[in-house]
Amino acid sequence: MLFIKRIMAPRIQLAKAAWRWVETVKPEEIKQEHIELAYRVNLPACKRGTCRRNCKGNPNCLVGIGEQAWLGEIDENAFHNIDDPNSERRDKNTFVGLTNLGATCYVNTFLQVWFHNLELRRRLYQCHNSRAQEHNIESDYEPQSICEHLQYLFALLQNSNRKYIDPSGLVKALGLDTGQQQDAQEFSKLFLSLLEDTLSKQKNPNLQNVIQRQFCGQFSYVTVCNQCGRSSALPSRFYELELNIQGHKNLTECVTEFLKEENLDGDNRYYCESCQGKQNATRRIKLHSLPPTLNLQLMRFVFDRQTGHKKKLNTFISFPEQLDMGPFLEGNQDQNCVYELSAVLIHRGISAYSGHYIAHVKDARTGDWYKFNDEEIEKMEGKKLQLGIEEDIAETVKSQTRKPKCSKGYHCSRNAYMLVYKVQEAETSDSSRNIVEVPAFLQRLVDQDNHKFEEWCSEMADMRKQSVDKGKAKHEEVKELYELLPAMDGGPYEFIPLEWLKKWLDDSTATKEIDNSLFLCCHNKLHPDKVGDSKRVSLQAAELLYKRYGGGPRLDNSSMCRVCVGQRCRVLRLKNQLNEDYKEVSNLIKRTLSGEGYWVGKASLRSWRQLALEQLEEDEHETKHSNGQTNGQGPHTNNSKEFLPELSEVNEDEMRTFNEDIVCSHGNLSIAETERKLVSSEVWTKLRAYFPKAPEFTQNQESCQQCLTLEQEEKDNEAVSKMMALDQKNQLLNLFHEKNRPILTKWPQDTDVLYIVPLYFVDEWKKFIRRPTKSSPVSNVGNALLLCPHGGFMFTYDSLINGDAQHVALLWPSEWEVISRLFIVDQPISIHCFKQTTPSGPTAEYTTQPDLCWECREGFLFQQQRDLREYTQATIYIRKVVEDKMMMKEVAPEMNASSSEAEEEKEDQPKMDGEKDPDFSQVSSSSCIVNKVVEPHEIVLCFFQSQDSAKRLKLNDNSIAKLAVAAPVSNSTKLGGIRRSTRHRKLRGEKALIVSANQTLKELKIQIMHAFSVAPFDQNLSINGKCLTDDSATLGSLGVIPESIICLKADEPIADYAAMDDVYQVRMPEEGFKGTGLLGH
């Protein structure tokens, strides 16, 4: 047989070895050498390289406490975590980037493109700006208008010393949401329109039409009648040409399709004024003039009718570096139609709702190409556009198309969404055309910002220097002190907390003063258990540490506590003796008792060893400290029943003091003789050694007289209760057995009045009848629970037969007479039937006494309906339907008894055969809502005053859980019979979702998508036969209430992975730039 020896952790081994001497040394024999053993003073110190980590149990081990980082040469950069401020400085001969504020990369790309439009920048600098001209440089400049923001931003982009600048001023002025990515093309149109409107208000006429002169061209829609040949033209302006790319391979094809002729026939025929009627016709676009800057929008983001969302077309389009628009221009052949590519705007990613925008822009002055990626600016090698990695970003599309080969002078892209071409200018020696100077009033603001930047750089450099100087000083200190730390054999020493030494060697935390207060015992000396968490250092090192960092109290070799060591010695010796005493006591109690005996509780006797261990722990509470472990169990604890088989079962966890289990509440011997045992004086003597404060009762001790008197009184009361219960049961036998009960729907012939009491009263009364000695007798009927604050009745005859009767019990007049005699009646409640004979036949009219309070009744119904429409966290259930059939089989629901106790006991029982449950009827896709009828114990009675303020009626004890006004139930509920459970039984395959009333259907579809893996556009939802289609409507407005069941019918999934990705990205309805400054808000 293979034996495996359990290896203890080194710290536990050291702790055991430190106290091994107690086996042979009594507390009164302790000497200094034993104290030093307990405090492990003479353990050998560990050498560097021998320990992988510090030996916590050894106070002489000073290895692995953080000294490795300080011993040896250290790079000065290790003394700080401050980046070089010069890394934030703009490189020479490069451009300035823009900070991405979250999802504003689309804004940054266009700002860089417009900044590189030299004519636009030059004209913007000429705009009048009195605020900037009069600005006091002592304060920060805050632009107000869009022109002012753009002026300041362009000036910073041109002459700032920063590597990148923050555009948050402009973004905030526009009211853009920095966390939501928007349509870049729409932003371009709206911003240029806003800028055009702003510039038109400038006094300088040369600035009023800058946008038109730079970006505006003209075309016309020309329609020709096929019948008479009449041609009509509708002139129009454009700021960009929107080119369809679907089905095309190159830019020429896109432009050709944009200008191609379109046939107008059928329902789309053209009304010809010459023919005075609708005729077949042709229509096409004619280009008349082109702007200096030609913006070509490639329509990559299109609306997908199948999914109801935008999607991105990831198809390759080829475009030239030099574009000749002459063949597409009508007339005006004098215009220069040759354009050069100046910018390409890129969208990385396959989805229209996510991704990243960057811009490739050509420097008009040098002809070099740069990639603008927010803060990062990269110059392309040579003078060629290099899209490179931008075309490898969208490689997650399942069906890949091969990148076509591009001819020289052409580029191919699947991610380019906008191309900017500038008209080719004749070569000239005038270099001033490509130079745009920042005006003095703006340069002054730029200089102010550059000054702040330089101050920041200087401040960061100073902080770095201070950190380095501090680190070097700490390095010298550690090298000096660490060599002095080890205490010499026989030399003076002190104890220092290990955690303090670690923090001293950890440069990331500030070194605090030395705190030894947590290491002290109750005698204000070093606690024996804390020696493992401290280190023994030389007196010389301790002097230097306390001099530099302060603290205390200081713990030297005189701080080892002799009292604590003696106490621990006594406790450990008793623990070692405990097992022997336990076996001896177990054998002695089996012997026949002779002579005087003592009473001991059986529970105490069975668990006395565990109690002894706990008592010893309490005796040494000062030696176990606050974070010590309690040794509450020892070996063989579970075998105590083997030695004491005759003892009754008692929960030992409740035992705290030995023999307390036979002490009554009056402090005397308990009268329960079966719970105690008589033991010999020899056994008691041994037990008394461990429990000197335990209660002692001799064999002749009398039981508590007060307890005996109370016991007799209790027996007498039980007899009275039994007689009372038997008498009440005999007088109300039918009510107890629920036999011959009156039913409202079948009014009895022999009476015109029935009485009403709360069902809670009847249930409590039945409990008393069944168990009169365990339940309290019922004294009060408590009819006030069924009345409103005005004293009016809360139910009508119709509401009682439609479900409210589940909260009341009907009584015969004879039964009411008995109840009125046996119990206190606060308010009689009755229902009367007045029968009349009319020509159309006999009729019956029902009234109640007290009368119905219509005001409170209507208020309650209103509150009930409002609660169903206004909820914040409610559960609804989604059932998936396949081909108009439920995916899962209906499970037979349970039946419940009327009382809450029977309801809990019978919760898991099956329903009786033939009983139908309206909550779980067959559900199909056309009729698929089941509303839970709220359980009585889930409602609190709520009444309304005339001021529409709800007033809650407090119910005594737990009556709220027994009686409440609930929603009406089905007519099939039998009055006074078995009440079915209305708790929802979730079926297999059905899933529960947590929703709120103000949540939109769109958001619910997103939840359903994650639960069932069905995309929103594949979901057909219905409730109560009504289809749910309005994605923007709230669930409350759609009639979805708590516990509703919504049917889900899923269409066949669409194998468009990019579309699915779009749906995952869309969480809220798209609002575009609604509410922003771009739309004049």
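Fair warning: this is a prediction, and the values are worked out from it, not measured in the lab. (Residues numbered from 1 in each chain as written. Predicted model: local features only at pLDDT ≥ 70, side-chain atom pairs only at ≥ 80, totals over all residues. Heavy atoms only, no water.)

### Considering unusual backbone geometry
The test is simple: Helix and strand assignments come from DSSP, with helices taken as H or I runs of at least 4 residues and strands as E runs of at least 2, each series counted from the N terminus. A simple rule labels every residue: compare its accessible area, found with a 1.4 Å probe on the protein chains alone, to the largest value its type can have, and call it buried under 20%, exposed over 50%, or partly exposed in between.
Of the consecutive residues glycine 552 and proline 553, the connecting peptide bond is found in the cis state with omega at -10°. Following the sequence through the fold, proline 553 ends up in the loop between strand S24 (551-552) and strand S25 (555-556). Cis geometry is found at the peptide bond from glutamine 849 to proline 850, where omega equals 5°. For proline 850, the position within the fold is in the loop between strand S32 (841-849) and helix H26 (854-869). The phi dihedral of glutamine 276 is positive, around 55°, even though this residue is not glycine. Mapping glutamine 276 onto the fold places it in the loop between strand S7 (270-272) and strand S8 (277-279). Judged by its relative accessible area of 56%, glutamine 276 is exposed. Despite not being glycine, aspartate 374 shows a phi value in the positive range, around 55°.

### Some thoughts on the sheet that holds strand S31 (residues 830-838)
Basically, it comes down to this: Pairing between two strands requires that DSSP report at least two bridges joining them. Axis lines are fitted through C-alpha atoms, for helices just across the contact stretch, and the angle between N-to-C directions can take any value from 0 to 180 degrees. The contact definition used throughout considers only heavy atoms, calling two residues in contact when any of these lie within 4.5 Å.
Spatial strand order, S30-S29-S31-S32: four strands in an open sheet with antiparallel pairing. Bordering the open sheet on either side are strand S30 (808-811) and S32, each of which pairs with just one other strand. Averaged over all pairs of adjacent strands, the angle between strand axes in this sheet comes to 30°, irrespective of strand direction. As paired strands, S31 and S32 are joined by nine bridges and run antiparallel to one another. Each bridged residue has a counterpart across the sheet, and for threonine 837 the counterpart in S32 is proline 842. Docked against the sheet, helix H23 (residues 759-770) engages strand S29 (753-758) and S30, running at close to 70° with respect to S29. The strands touched by helix H25 (residues 813-822) within the sheet are S29 and S30, with S30 carrying the most contacts at an inclination of about 110°.

### A look at the environment of glutamate 196
By secondary structure assignment, the location of glutamate 196 is in helix H8 (residues 184-199). Judged by relative accessible area, which is 13%, glutamate 196 ranks as buried. With 11 residues separating them in the primary sequence, glutamate 196 and leucine 207 have C-alpha atoms 9.6 Å apart. Setting aside residues up to four positions removed in sequence, glutamate 196 forms contacts with Ile211, Gln212, Arg237 and Tyr239.

### What to know about the packing of helix H3 (residues 105-115) against helix H6 (residues 146-159)
A packed helix pair is summarised by two numbers, namely the angle formed by the two axes and the spacing between the axes. Our working rule: An angle counts as roughly parallel when it lies under 35 degrees, as roughly antiparallel when it exceeds 145, as roughly perpendicular when it falls between 65 and 115, and as oblique in every other case. Polar here means any residue other than Ala, Val, Leu, Ile, Met, Phe, Trp, Tyr, Cys and Pro, which are nonpolar, and Asp, Glu, Lys and Arg, which are charged; Gly is therefore polar.
Running from amino to carboxyl end, H3 crosses H6 at an angle of 75°, the nearest separation of the two axes being 11 Å. The orientation of H3 with respect to H6, classified from their angle, is roughly perpendicular. Residues Leu111, Gln112, Trp114 and Phe115 of H3 form the contact with H6, whose participating residues are Leu150, Leu153, Phe154, Leu157 and Gln158. Looking at side-chain class alone, the contact of H3 with H6 contains seven nonpolar, two polar and no charged residues.

### A closer look at the state of the cysteines
This is how the line gets drawn: Cysteine sulfur pairs qualify as disulfides if the two atoms are within 2.5 Å.
One pass over the structure, following the stated rule, counts zero disulfides. A disulfide-free cysteine, cysteine 272 has its sulfur positioned 3.6 Å from the sulfur of cysteine 228, the nearest such atom. On the accessibility criterion, cysteine 272 (0% relative accessible area) is buried. Here cysteine 856 is not cross-linked by a disulfide; its sulfur's nearest cysteine counterpart is in cysteine 853, at 3.6 Å.

### Quick notes on the nonpolar core
Stated precisely, the cut-off is as follows: To form a nonpolar core, buried Ala, Val, Leu, Ile, Met, Phe, Trp, Tyr and Cys residues must be joined to one another through side-chain atoms within 4.5 Å.
Trp114, Leu124, Leu174, Phe187, Phe191, Leu195 and Leu345 are the most contacted members of the largest nonpolar core, which has 66 residues in total. Among the elements that line this core, the one with the most residues is H6, at nine residues. Discounting residues that sit within four places of it in the chain, tryptophan 114 has contacts with Leu120, Phe154, Phe187, Ser188, Phe191, Leu192 and Phe215. If you look at the next biggest cluster of nonpolar residues, it comprises 35 residues, including Ile285, Leu313, Leu329 and Tyr421.

### Points about the pattern of salt bridges
Here is the rule: Here, a salt bridge means any Lys or Arg side-chain nitrogen found within 4 Å of an Asp or Glu carboxyl oxygen.
Tallied over the entire structure, the rule returns 26 salt bridges. Through salt bridges with shared partners, one network takes in Glu119, Arg122 and Arg123.

### Considerations on the sheet that holds strand S21 (residues 493-497)
Spatially, the three strands line up as an open sheet ordered S23-S21-S25, and their pairing is antiparallel. For this open sheet the edge positions go to strand S23 (534-538) and S25, each flanked by a neighbour on one side alone. Judged from the five bridges that link them, S21 and S23 form a sheet pairing that is antiparallel. By the bridge assignment for S23, glutamate 494 is matched with valine 537. Each of S21 and S23 is contacted by helix H13 (residues 498-505), which is oriented at about 75° to S21, the strand it contacts most.

### Examining the packing of aromatic side chains
The following threshold applies: We call Phe, Tyr and Trp rings a pair once their centres come within 6.5 Å, taking the six-membered ring for Trp, and we label the pair stacked below 30 degrees between planes, edge-to-face above 60, and tilted otherwise. For a Lys NZ or an Arg CZ to count as sitting over a ring, it must be within 6 Å of the ring centre and within 35 degrees of the ring normal.
Counted according to the given criterion, the structure contains 34 aromatic pairs. With 5.5 Å between their ring centres and 75° between their planes, phenylalanine 793 and phenylalanine 795 make a pair best called edge-to-face. Following the ring pairs from residue to residue traces out a cluster consisting of Tyr106, Phe110, Trp114, Phe187, Phe191, Phe301, Tyr357 and Tyr417. Directly above the aromatic system of tryptophan 599 lies the positively charged group of arginine 676, at a separation of 4.5 Å from the ring centroid. The ring centre of phenylalanine 1012 lies 5.0 Å from the NZ or CZ of lysine 991, which sits over that ring.

### Overview of the environment of leucine 329
Summarising the element assignment, leucine 329 is placed in the loop between strand S14 (322-324) and strand S15 (338-348). A residue is classified by how much of its surface remains accessible, and leucine 329, at 6% relative accessible area, is buried. C-alpha of leucine 329 to C-alpha of lysine 286: the two residues are 43 residues apart in sequence and 7.2 Å apart in space. Excluding residues that lie within four positions of it along the chain, leucine 329 makes contacts with Leu287, His288, Ser289, Leu290, Gln335 and Cys337.

### Topic: the side chain of threonine 751
Along the chain, threonine 751 falls in the loop between helix H22 (733-737) and S29. The contacts of threonine 751, once residues within four sequence positions are left out, are Trp812 and Pro813.

### Comments concerning H3
With 11 of 11 residues buried, H3 is to be regarded as a mostly interior element. All of the buried residues in H3 are Cys105, Tyr106, Val107, Asn108, Thr109, Phe110, Leu111, Gln112, Val113, Trp114 and Phe115.

### As for the side chain of lysine 1005
Tracing the chain through its elements places lysine 1005 in helix H29 (residues 1001-1012). According to the relative accessible area criterion, lysine 1005 is buried, its value standing at 8%. Aside from chain neighbours lying at most four places away, what touches lysine 1005 is Pro1016, Gln1019, Leu1021 and Asp1031.

### Some points on the environment of leucine 993
Within the secondary structure, leucine 993 sits in strand S37 (residues 991-995). We classify leucine 993 as buried; its relative accessible area is 9%. With 116 residues separating them in the primary sequence, leucine 993 and tyrosine 877 have C-alpha atoms 6.3 Å apart. Not counting the four nearest positions on each side in its chain, leucine 993 is found in contact with Ala874, Thr875, Ile876, Ile878, Leu1004, Gln1007, Ile1008 and Ala1011.

### Observations regarding the pairing of strand S17 (residues 369-373)
Most of S17 sits out of view: five of its five residues are buried. In S17, alternate side chains face the same way, and those of Trp369, Lys371 and Asn373 on one face and Tyr370 and Phe372 on the other are all buried. In this sheet, S17 lies alongside strand S16 (residues 356-362) in antiparallel orientation, the contact comprising four bridges. When the bridges of S17 are listed, histidine 360 appears paired with lysine 371. What sits between S16 and S17 in their antiparallel hairpin is a turn of six residues, with glycine 367 showing a positive phi close to 85°. Looking at chain direction, S17 and strand S18 (residues 376-379) are connected through four bridges and run antiparallel. Within S18, the position partnered with phenylalanine 372 by the bridge is isoleucine 377. As consecutive antiparallel partners, S17 and S18 are separated by two residues, and within that stretch aspartate 374 has a phi angle of approximately 55°, a positive value.

### Some points on the confidence of the model for the chain
Here is the rule: pLDDT expresses, on a scale from 0 to 100, how confident the predictor is about each individual residue.
Taken as a whole, the chain shows an average pLDDT of 78; of its residues, 79% reach a score of 70 or greater. Taken element by element, the chain is modelled with least confidence in strand S35 (residues 942-944), mean pLDDT 32, and with most confidence in strand S1 (residues 97-98), mean pLDDT 93. In this model, residues 626-653 is a region of pLDDT below 50 whose contacts with residues beyond four sequence positions or in other chains number 44 contacts. Within the model, pLDDT remains below 50 along residues 1054-1069, and this stretch shows 38 contacts once partners closer than five positions in the same chain are excluded.

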